[in-house]
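Geometric and topological summary
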Amino acid sequence: MAWRDSKASGKRLFLFMASIVLGIAAVVAIQSFSDNLQDNIGLQSKALMGADYLIDSNQPANERVLEIIDSLGGYDAMEVNFASMAAFPKSGAAKLVQVRGIEGGFPFYGELETEPVAAAKTYQVKEGALVDATVMLQFDLKPGDSIKLGNSTFPIIGSLITAPGSTGIGASVAPPVIVPFKFMEPSGLLQKGSRLGYNYYFVDPDADLKALDKAVDPLLDEQNADMDTHTATSQRLGRRYDNVGRFLNLVAFIALLLGCVGIASSVHIYIKEKLKAVAVLKCLGATRKQTFLIYLIQIAGMGLVGGIIGTAIGLLLQQSFPMILQEFLPFTVEISTSYQSIVVGLLLGLFMSVLFALSPLITTWYVSPLQVLRVQETNKDKSKKAQITVLFAIVLFVFLFAFWLLGRFTFALSFVVGILITFAILGGVALFFMRLVKRYFPKSWSFTARQSLLNLFRPNNQTAVLILAIGIGSFLISTLYFTKDFLMAKATLEANETSPNIILFDVQTNQKADVINTITPKGLPILDNIPIITMRLERIKDRTVNDIRLDTTTSINKWILNHEFRVTYRDSLIGSEKLVSGDFNGPYVPGQPVLISLSDNVAGDAQVIVGDTLLFNVQGMLMETVVGSIRQVDWGRMQLNFSVVFPTGVLENAPQFHVLTTNAPDKVASANLQRQLVKQFPNVSVLDLRQVINLIEGILDKISWVISFMAFFSILTGIIVLIGSVRNSKHQRIRENVLLRTLGAKSKQILQITALEYLYLGVLGSGIGILLSLLSSQLLALFLFETPFVPSVIPFLVVFPGITLLVLLIGLSNSRQVLNSPPLQVLRKETA
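Residues numbered from 1 in each chain as written. Predicted model: local features only at pLDDT ≥ 70, side-chain atom pairs only at ≥ 80, totals over all residues. Heavy atoms only, no water.

1. Notes on unusual backbone geometry
Under the convention used in this document: Secondary structure follows DSSP: runs of H or I at least 4 residues long count as helices, runs of E at least 2 residues long count as strands, and numbering of each begins at the N terminus.
Omega for the peptide link from Phe106 to Pro107 comes to 0°, which places this bond in the cis form. Structurally, Pro107 is set in the loop between strand S3 (93-104) and strand S4 (113-115). Of the consecutive residues Glu115 and Pro116, the connecting peptide bond is found in the cis state with omega at 0°. When you line up the elements, Pro116 lands in the loop between S4 and helix H5 (119-122). Even without being glycine, Asp140 reaches a positive phi, approximately 55°. Checked against the element boundaries, Asp140 lands in the loop between helix H6 (133-138) and strand S6 (146-149). Positive phi values are uncommon outside glycine, yet Asp506 reaches one of about 60°. Structurally, the position occupied by Asp506 is in strand S11 (residues 502-508).

Now the structure itself:
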């Protein structure tokens, strides 16, 4: 019976199925790609690092670290890496690069991919440089040209395409340049105070890396060094990309939920039209269970077929993901079939279809045989308990699935609550609007206008579900634009003369005056002159750092104990800071305690409050301080922020280096300044913030594209839900429109009635969706990103009229059959 009945309703069941196909496709595509990504990370973890494990430090290995290295059999390769300015004599241009001075046969896994290929093996013998391929193209460089780093000039042996540890977004800001380690000291770039990183690489494929890390890492922590294994690196990398996958999975899941709302609505109409057939079957002796299973099997079959189609589309769709996301990945992802995602897609299609269809299906259970003789409503009191049970099961399933995607109870709960609130508001607005129209019906309006409003609360109307579908789609796409705008604003500097766009790092004290005299004659201002001093903690309150380090019960964060702090001194707060407690330190008063200011994260991790004492080792000199204030720091602001700030009058004579900022009005002025600075001060690194902003904008554009792509699934699912709902409600409208035409209504009037009805739905659904997204984006900006929120005009100028017009066109296109059918033909069909 299920098969026979479905053959007569094939087209309508196909529309039910289409509502869920896109959601399944989105979930499967992202889930499959995430599985492939995790597998690739696991397989390529050694190639990502280039060794089995490494020991890293921001200073050359001291005697104790060398003892540990010797106990491990000695390192197999080493490198020093740092950011520096590179000059290209061929063009006179300069660029900030990441210099990697390598000694030994690194990498031991993976490879240096170069052009020509032999350059990876010969650059050390030929005492030359491998330069990032993008930089080679940007400055029209070829093998045989030269590059100057500090006091040393190297011939370019080849272009560097990829290298372990030099891929990803960071390499776009400072592209890598690899040179032999032995030339680092003569280059004059290993200055005291410069930000240097030393890596010692080890090859030991048989080592128990987990046990080794557990035994050696605490010993290295005491010496401000660290051990990093290839397995730990791959786990961190996996978690990073797993978070992106979870987010996109949630967007796809919302599209799936939207499709399920369409299924529930469509099945509701479908079953209502079948109630008389159910009553007839019961008169012929069919049981409740049999009539219920007839339509349950139909819906389950629809969900299974939809799951199969959606899974197939999702597996094809994931093939495009590596092209979209490759710039964010430090390796090439090889796509393979993920059997887990296939199972998820098939089961999800089946369970979600049945679950969301159960509510209307329950009505078949309570249909009386008398309904074949007279029209009567289903006994709602009897089905109320069953409906509540089904609703609880739906919410529980959504929560469990969200928990599986996110892995955290609070996140899953917040997601479900947010979905319920959004759906409740949209549904409440729809019901309120219908009651409002019914109560304050404009009787003085024209016939077509009155009839279009009447259609919004007629029996079997689809006002609520259409507003839900339109509203959720509008909500998602609008939130995307609003969020993108304030994220861009957060990462963008104001274009005025007081905003720095050139930052000079590692300016030594004896160079400061000369650097300033190089900048100011060009008519450029010195906006910031920030001194930086390095120091470590020796004592927190009354306990030494060594005692705390040995205490296994302490809850003080270990990074505090081993961190080399870079601090500054000043007498006022800056724009990215907000005072939480205490009074910000002014100039130091001789004879009084040295009052310092801590960022709230450092104060929390060190477990200190205002009034507690801290003893610092300032490059060999001990200095006792008192916490005078605690600040909240916006680390996302593109300016120099500090965890620890001293008062003026204390550190002026301490060994220090400086960071200077200026504002170059255009690219030409910036390039001229950088060329001269690199020529005169090779150790000074120059960062052009406009390049960073362009990079951030490019990354945000790509992320925005991915999110827009996923939001497209929600919009498209909403459109299919809309089409299905309109086509199903079309059968209900046939008799109404035929009666109108029989009474003398013209096709033009019926068309106007339909157009006005869907215009109301489009305006109301998209309008409420955009307003909700405006509110949610405001809350995101205020509580999550803590940034001012200025709404984008795109949702109001594009999304609102676009979706409204789309709804109108779909409504009109589905009314053509009614308008083109003669009244007598329709009446005969209805009678038959």
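2. Considering the environment of Leu780
Inspection of the secondary structure puts Leu780 in helix H24 (residues 747-784). Distance in space between the C-alpha atoms of Leu780 and Thr483 is 8.0 Å, their sequence separation being 297 residues.

3. Overview of the pattern of salt bridges
We count it as follows: Definition used for salt bridges: Asp or Glu carboxyl oxygen within 4 Å of a side-chain nitrogen of Lys or Arg.
Under the definition given, this model contains ten salt bridges. For Lys182, the salt bridge is made with Glu127, and the minimal N-O distance between the two is 3.0 Å. Of this pair, Lys182 sits in the loop between strand S8 (176-180) and helix H8 (184-187) while Glu127 is found in the loop between H5 and strand S5 (129-132), placing the two residues 55 residues apart along the sequence. Close ionic contact of Glu577 with Arg631 constitutes a salt bridge, the shortest N to O distance being 2.5 Å.

4. As for the environment of Phe33
With respect to the secondary-structure elements, Phe33 resides in helix H2 (residues 10-43). Remark: the alpha-carbon pair of Phe33 and Gly314, spanning 281 residues in sequence, is separated by 9.7 Å.

5. Looking at the packing of aromatic side chains
Our working rule: Each pair of aromatic rings taken from Phe, Tyr and Trp, with Trp reduced to its six-membered ring, is defined by centres within 6.5 Å and is described as stacked if the planes are under 30 degrees apart, edge-to-face if over 60, and tilted in the remaining cases. Residue burial is assigned from relative accessible area. The probe radius is 1.4 Å, only protein chains are included, and a residue is buried under 20% of its type maximum, exposed over 50%, and partly exposed in between.
One pass over the full model with this rule turns up twelve aromatic pairs. When the centroid spacing of 5.8 Å and the interplanar angle of 85° are considered together, the rings of Phe292 and Trp365 count as edge-to-face. Highlighted residues: Phe292 in helix H11 (residues 288-317) and Trp365 in helix H13 (residues 339-365), separated in sequence by 73 residues. Look at Phe292 and you get buried, because its relative accessible area is 13%. Judged by its relative accessible area of 31%, Trp365 falls in the partly exposed class. Relative to Phe616, the ring of Phe565 has its centre 6.4 Å away and its plane inclined at 85°; by these criteria the two rings are edge-to-face. With Phe565 in strand S14 (residues 565-569) and Phe616 in strand S17 (residues 613-618), the pair connects residues that are 51 residues apart, well separated along the chain. Considered together, Phe565 and Phe616 belong to a single accessibility category, that of buried residues. An aromatic cluster is defined as three or more aromatic residues linked by ring pairs; in this entry it consists of Trp559, Phe565, Phe616 and Phe646.

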